[in-house]
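# Commentary on secondary and tertiary structure
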Amino acid sequence: MNPQHPAITDLCEHLLSSTPNTNKRHIPLPVAAIRVLLSTIRRSRAETMMGLQAELREASQQMVDFAKRGGPVEISTDSGKTTRYLLANRSHTALTSGTHLFLKYVTRASLETPDFTLCKSQVLERGTRFAEFSLAARDRIASTASNFIREGSTILTHGRSSVVEALLLRAATVEKKRFKVIVLEGRPDAGGAKSAKTYDAAGIPTVLILDSAMGYIAERTRIDMVLVGAEGVAENGGVVNKVGTFALGIVAKELGVPFYVAAESYKFTRMFPLNNADLAEIGRKEEDDSGGFGGIKFLNTLAWSGDDAEKKEEGKGLERYVVDLPKSIVVENPPCDFTPAKYITLLFTDLGVLTPSAVSDELIRLYQ
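Residues numbered from 1 in each chain as written. Predicted model: local features only at pLDDT ≥ 70, side-chain atom pairs only at ≥ 80, totals over all residues. Heavy atoms only, no water.

### A few points about the overall build of the chain
The number of helices and strands found in the chain is 13 helices and 12 strands. Taken as a whole, the chain presents about 18,600 Å² of accessible surface, with 51% of it coming from carbon and sulfur. (Helix = DSSP H or I, 4+ residues; strand = E, 2+ residues; numbered from the N terminus. Areas by Shrake-Rupley, 256 points an atom, 1.4 Å probe, with all protein chains shown as cover.)

Have a look at this one:
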């Protein structure tokens, strides 16, 4: 991977400009990838469609390789330069589905419009419209799926999903429904804890629990539904999502609780995993002794939270609470897992409410 490739520069700009700390609307990863490919077309000096397609394939591969590495960028801080990982704990599935969909469209356009200049112009115009249309997908999903949120219900969710947040916030603030949300913390990036803050700020009664307590809470509490997002939706109707989703699906099925997935159609991907062994190369991180991307530190959070502020200050941060593991212990930190279709009740998408078996038909339409 060449970190100076223009596609990587463009992708980083999109990702950095739509973080939660900015005022700009969050841009989904597949939409950001499509915007990068549109910029690639505008920069291109290719004189034939074959040459342009080669540039688009190269830009797509550069972005996928970048995502597989966790999206490393070097930033300057007061203490010097450091590496920040923009896509840590993310699968590259969503980005890949976005680029594949766009490349398929370019191929179809080239067959329909042989004139290179005209075809290039049409791809730019329609591609821009598609990117803008895709940004509204979450609102369409929220509008449709909020009908499934019943008054007085209890919803169990996992990690942080912008689609799930949009759906639940609409039900609570627009439709004024009263319900309770139980959120799994979403280790290791505390995505669920961040979502819990969002729900609480909107006035939704919220309970935050440890990931490992999912079975206990689901059995002990009357759960009306499980609702999760997705990094990608496979052709067989299964989903790739934050690690722990598969276990949650098993728990839901065992207890007879409906398991719903909210995902945009541009996350539909032509992959056909049968189980988690087929995801060995998806989002798997390299070992990192620094505890950064690929590495993970284990904290005795009970001891840390039990100490008073003075002791924490004396300890100079969290290092004194880190469990010192010997080098012989191998730490695995998979960001995502695969949940087969048999555990999924329905998918809430911008194409409508679908059964898992309907995904393959929708993929055929998308790629026609």
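### Some words on the side chain of Ser146
Here Ser146 is to be found in the loop between helix H6 (137–145) and strand S3 (154–158). Overall, the relative accessible area of 0% leaves Ser146 in the buried class. If we skip the residues at most four places from it in the chain, Ser146 touches Ile141, Leu167, Arg170, Ala171, Glu175 and Lys177. (Buried < 20%, exposed > 50% of the residue type's maximum accessible area, 1.4 Å probe, protein only. Contact = heavy atoms within 4.5 Å.)

### Description of the sheet that holds strand S4 (residues 180–184)
Sheets are built from strands paired through backbone hydrogen bonds, the pairs being either parallel or antiparallel. The sheet built from 7 strands is open, its strands ordered S5-S4-S3-S6-S9-S11-S12 with mixed pairing. Two strands bound the open sheet, and with one partner strand each, they are strand S5 (206–209) and strand S12 (352–354). Going from strand to strand, the sheet's axes swing by 25 degrees on average, the running direction of each strand aside. Across the face of the sheet, helix H8 (residues 191–201) comes into contact with S3, S4 and S5 while running at roughly 170 degrees to S5. (Pairing = 2+ DSSP bridges. Axes fitted to C-alpha atoms, helices over the stretch in contact; angles between N-to-C directions.)

### Digging into the pairing of S4
In terms of residue burial, S4 counts as a mostly covered element, since 4 of its 5 residues are buried. In this sheet, S4 lies alongside S3 in parallel orientation, the contact comprising 5 bridges. Bridging across to S4, Thr154 finds its partner in Lys180. For the crossover from S3 across helix H7 (residues 162–174) to S4, the handedness is right-handed. Two strands pair when backbone bridges link them, and S4 and S5 are joined in this way by 4 bridges, in the parallel orientation. (Right-handed = clockwise from strand over helix to strand, strands pointing away.)

### A short note on the pattern of salt bridges
What the rule picks out here adds up to 14 salt bridges. The residue Arg178 makes a salt bridge to Glu151 at a minimum N-O spacing of 2.7 Å. Highlighted residues: Arg178 in the loop between H7 and S4 and Glu151 in the loop between H6 and S3, separated in sequence by 27 residues. Two residues, Asp189 and Lys242, come together in a salt bridge whose shortest N-O distance is 2.9 Å. Here Asp189 is found in the loop between S4 and H8, whereas its partner Lys242 is found in strand S8 (residues 239–242), with 53 residues between them in sequence. Taking relative accessible area as the criterion, Lys242 reaches 11% and is therefore assigned buried. Several salt bridges converge on common partners, so that one network encompasses Arg138, Glu264 and Lys267. (Salt bridge = Lys/Arg side-chain N within 4 Å of Asp/Glu carboxyl O.)

### Considerations on the packing of aromatic side chains
Here a ring pair, both rings aromatic, is described through the centre-centre distance and the interplanar angle of the planes. Under the defined criterion, the tally for this structure stands at 4 aromatic pairs. With 4.8 Å between their ring centres and 45 degrees between their planes, Phe148 and Phe348 make a pair best called tilted. With Phe148 in the loop between H6 and S3 and Phe348 in strand S11 (residues 346–349), the pair connects residues that are 200 residues apart, well separated along the chain. The exposure class assigned to Phe348 is buried, which follows from its relative accessible area of 2%. Grouping aromatic residues by their ring pairs yields a cluster made of Phe148, Tyr260 and Phe348. Over the ring of Phe133 we find Arg140, and its NZ or CZ is 3.9 Å from the ring centre. (Phe/Tyr/Trp six-rings, centres within 6.5 Å; stacked < 30°, edge-to-face > 60°. Lys NZ or Arg CZ within 6 Å of the ring centre and 35° of its normal.)

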